[in-house]
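Geometric and topological summary
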Amino acid sequence: MRILITGGAGFVGSSLALMLRRDHANLDICAFDNLRRRGSELALGRLQLHGVSFVHGDIRSDDDVAGAGAFDLLLECSAEPSVHAGYGGSPAYVLQTNLGGTINCLEAARRHHAGVIFLSTSRVYPIAGLRGLPLERRGHRLDIPDGASGLGWSASGIAAEFPLSGSRSMYGATKLASELLIEEYRAMYGLRTIVNRCGVISGPWQMGKVDQGFLVLWAARHAYGGRLSYTGFGGEGLQVRDVLHVADLYDLISIQMADILKFSGSVYNVGGGHARSVSLAELTAMCQARAGAIPIESNPATSDADVPYYVTDNTAVTASTGWTPTRNLDMLLDDVFAWLREHRVTLEPVLGSPSPASAAAIT
Ligand SMILES: NC(=O)c1ccc[n+]([C@@H]2O[C@H](COP(=O)([O-])OP(=O)(O)OC[C@H]3O[C@@H](n4cnc5c(N)ncnc54)[C@H](O)[C@@H]3O)[C@@H](O)[C@H]2O)c1
């Protein structure tokens, strides 16, 4: 069996590739990536060391995707993954990669009769809808009041029934449009497809930056020094995300890969869930406990794409697959800090920064 992982040098793609290799010595695993994300090049040595082949290519090019050769399963992990992409400038890259690229990937999957597991995002849900949740302040975080609920939301989080009308950013729109096309390829060509709408994912080898990968950014600033800022929603760091350890995502994808026909056509919300949710202020305390305090500035202005709260309701994916996350936030942060310390020389040029940085919790 040959598995093609697009975005295979990225955080999620390379993590899945290496965990698959660890568990399946006989799989032919190919990582395909254009190395646009700064730090993705650091995956190449690890992929090579573990016998994962690498193709340098761009999913925007049909020829490049065809050049990766035949495959039985596609794990589509490539993207411009920032929700800020396109604001204040051209949306060309996010449109051409996240939507045009998906089409090229689906065409290749159609030609090879391959299965497709697609990493979508919680950002398919509209910004106004998420901003409209009735949140209350609880200590250093926002939360949905106990017992409150509406269509697709409750104190357990956001379910796939959450209303979809409204604007959601180019990032979210390209992912939702990709989901629609995936369903058409499934219905028209019999592709076996699974869509996972992921909340925030994190873990070692995530190249956290201000607009994507907030947990690693926060941890790296605490470990290496630098400044941070609570940005948006009053500037107190109360905004909340659930965070899924990438190893937990791998566990789910393993279940899905083992019986892709059974789960084909599914669209799941997938994330850490309420037990693994954290506000920026709470994350600061967890990082301080591991590495000491750094200055945190405050910028109350909220950016166009930001939302104050997103927590995944995993009820449906758990009922369908039996999967539930097993690593808690302390384990995740322990893994991230251990990695930051072990690989400081390699990582500091990418993750360290003496300049002020602001961040909000963003997928
Ligand atoms: N990390 C998260 O919190 C999160 C949450 C929800 C969904 N997702 C989705 O998961 C997937 C993986 O995200 P990630 O966190 O690993 O991001 P990442 O940026 O680390 O990895 C994406 C990879 O895709 C590559 N890439 C970008 N444009 C490309 C192109 N045109 N052709 C080929 N390769 C290209 C990049 O170089 C990078 O290595 C993405 O689809 C993202 O939208 C991630």
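Everything discussed here concerns the structure shown above.
Keep in mind that what you see is a predicted model, and the values were worked out from it rather than measured.

**Remarks on unusual backbone geometry**
Even without a glycine there, the phi angle at His-113 is positive, about 55°. Mapped onto the elements of the fold, His-113 is located in the loop between helix H4 (92–112) and strand E5 (115–121). Its relative accessible area of 65% is what places His-113 among the exposed residues. Unlike most non-glycine residues, Ser-169 shows phi in positive territory, near 90°. Examined against the element boundaries, Ser-169 turns out to sit in helix H6 (residues 169–189). We classify Ser-169 as buried; its relative accessible area is 7%.

**Overview of the sheet that holds strand E2 (residues 28–33)**
Across the sheet, 7 strands lie side by side as E3-E2-E1-E4-E5-E11-E15; this open sheet has parallel pairing. In this open sheet, the two strands that pair with only one neighbour each are strand E3 (53–56) and strand E15 (266–270). Taken over all neighbouring pairs, the strand axes of this sheet differ in orientation by 20° on average, direction set aside. As paired strands, strand E1 (residues 2–6) and E2 are joined by 5 bridges and run parallel to one another. From the neighbouring strand, Thr-6 faces E2, where its bridge partner is Phe-32. The strands touched by helix H1 (residues 11–23) are E1, E2, strand E4 (73–76) and E5; relative to E1, the strand with the most contacts, the crossing angle is about 160°.

**What about the packing of aromatic side chains?**
Evaluation of the coordinates by the stated rule reveals 5 aromatic pairs. Each ring, one from Tyr-125 and one from Phe-162, has its centre 5.7 Å from the other, and the planes form 80°; the classification is edge-to-face. Of this pair, Tyr-125 sits in the loop between E5 and helix H5 (127–131) while Phe-162 sits in the loop between strand E10 (157–158) and H6, placing them 37 residues apart in sequence. For the pair Tyr-125 and Phe-162, a shared accessibility class is recorded, and that class is buried. Arranged with centres 5.9 Å apart and planes meeting at 25°, the rings of Trp-218 and Tyr-230 form a pair that is stacked. On the criterion of sequence distance, the pair formed by Trp-218 in helix H7 (residues 214–224) and Tyr-230 in strand E13 (residues 228–231) is long-range, its members being 12 residues apart. Residue classification places Trp-218 among the buried residues on the basis of a relative accessible area of 0%. Exposure remark for Tyr-230: the relative accessible area of 13% places this residue in the buried category. One aromatic cluster in this structure is built from Tyr-125, Phe-162 and Tyr-310. The side chain of Arg-46 reaches across the aromatic face of Trp-205, ending 3.8 Å from its centre.

**A short note on the pairing of E15**
Here is the key point about a regular strand: its side chains alternate between the two faces of the sheet. Counting buried positions over the 5 residues of E15 gives 4, a clear majority of the element. Across 5 bridges, the pairing between strand E11 (residues 193–198) and E15 is parallel. Following the sheet pairing, Ile-194 is matched in E15 by Ser-266.

**Observations regarding the site of the ligand**
Around the ligand, the structure places 32 residues, and the nearest of them are Asp-33, Ser-40, Tyr-93, Tyr-171 and Lys-175. Phe-11 is positioned with one of its backbone polar atoms (N or O) 2.9 Å from an oxygen atom of the ligand. In this structure, an oxygen atom belonging to the ligand sits 2.6 Å away from a side-chain N or O atom of Lys-175. For the ligand, whose free accessible area comes to 820 Å², the fraction covered by protein is 99%. Broken down by secondary-structure element, the contributors of at least two residues to the shell around the ligand are H1, H4, E5, H6 and strand E12 (200–202). For the shell around the ligand, a count of residues per class yields 14 nonpolar, 12 polar and 6 charged.

**Here we look at H4**
Every α-helix winds through 3.6 residues per turn, so residues three or four apart in the chain are directed the same way. The first and last C-alpha atoms of H4 sit 28 Å apart over 21 residues, in line with the 30 Å expected at 1.5 Å per residue. The principal kink in H4, of about 30°, is found at Gly-101. For H4, the set of buried residues is Tyr-93, Val-94, Thr-97, Asn-98, Gly-101, Thr-102, Asn-104, Cys-105, Leu-106, Ala-108 and Ala-109. Lining the buried residues of H4 we find E1, helix H3 (62–67), E4, E5 and H6.

**Details of the pattern of salt bridges**
Per the counting criterion, the structure on display carries 21 salt bridges. Residue Glu-282 pairs with Arg-141 through a salt bridge whose shortest N-O separation is 3.2 Å. Taken as a pair, Glu-282 in helix H10 (residues 280–291) and Arg-141 in strand E7 (residues 141–143) lie far apart in primary sequence, 141 residues in all. A residue is classified by how much of its surface remains accessible, and Glu-282, at 24% relative accessible area, is partly exposed. By sharing partners, the salt bridges in this structure join Glu-136, Arg-138, Arg-141, Asp-143, Asp-146 and Glu-282 into a single network.

Parameters and conventions
Along each chain, the written sequence defines residue order, and numbers are assigned to residues from 1. Where totals are concerned, whole chains, interfaces and linings use all residues; where local detail is concerned, this predicted model gives features only for residues with pLDDT of at least 70, and gives and counts side-chain atom pairs only at 80 or more. Only hydrogens and water are removed before side-chain values are computed, so all heavy atoms of the structure are retained for them. Secondary structure elements are taken from DSSP: a helix is a run of H or I of four residues or more, a strand is a run of E of two residues or more, and numbering for both begins at the N terminus. The cut-offs for exposure are 20% and 50% of the maximum accessible area for each residue type, with area from a 1.4 Å probe on protein chains only; residues under the lower value are buried, those over the upper are exposed, and the others partly exposed. By this definition, two strands are paired if DSSP reports at least two bridges between them. All axes are obtained by fitting lines to C-alpha atoms, using only the stretch in contact for helices, and the reported angles, taken between N-to-C directions, cover 0 to 180 degrees. Contacts are residue-level and defined by heavy atoms, with any inter-residue pair within 4.5 Å sufficient. Stacked, tilted and edge-to-face are the three classes assigned to paired rings of Phe, Tyr and Trp, where Trp is represented by its six-membered ring and a pair needs centres within 6.5 Å; plane angles under 30 degrees give stacked, over 60 edge-to-face, the rest tilted. For a ring to carry a charge above it, either NZ of a lysine or CZ of an arginine must fall within 6 Å of the ring centroid while also lying within 35 degrees of the normal to the ring plane. The near set for a molecule or strand comprises every residue that places at least one heavy atom within 4 Å of it. Think of a polar contact as two N or O atoms within 3.5 Å of one another; within protein, one of them needs to be a possible hydrogen donor and the other a possible acceptor, and neighboring residues in sequence only count if both atoms come from side chains. Note on areas: Shrake-Rupley with a 1.4 Å probe; residue coverage comes only from the protein chains shown. Under this grouping Gly is polar, as are all residues other than the nonpolar Ala, Val, Leu, Ile, Met, Phe, Trp, Tyr, Cys and Pro and the charged Asp, Glu, Lys and Arg. Helix span is expected to be 1.5 Å times the residue number reduced by one. Note on bend: at a given residue it equals the angle between the axes fitted to the 7 residues ending there and to the 7 starting there. For salt bridges, the criterion is a side-chain nitrogen of Lys or Arg within 4 Å of an Asp or Glu carboxyl oxygen.

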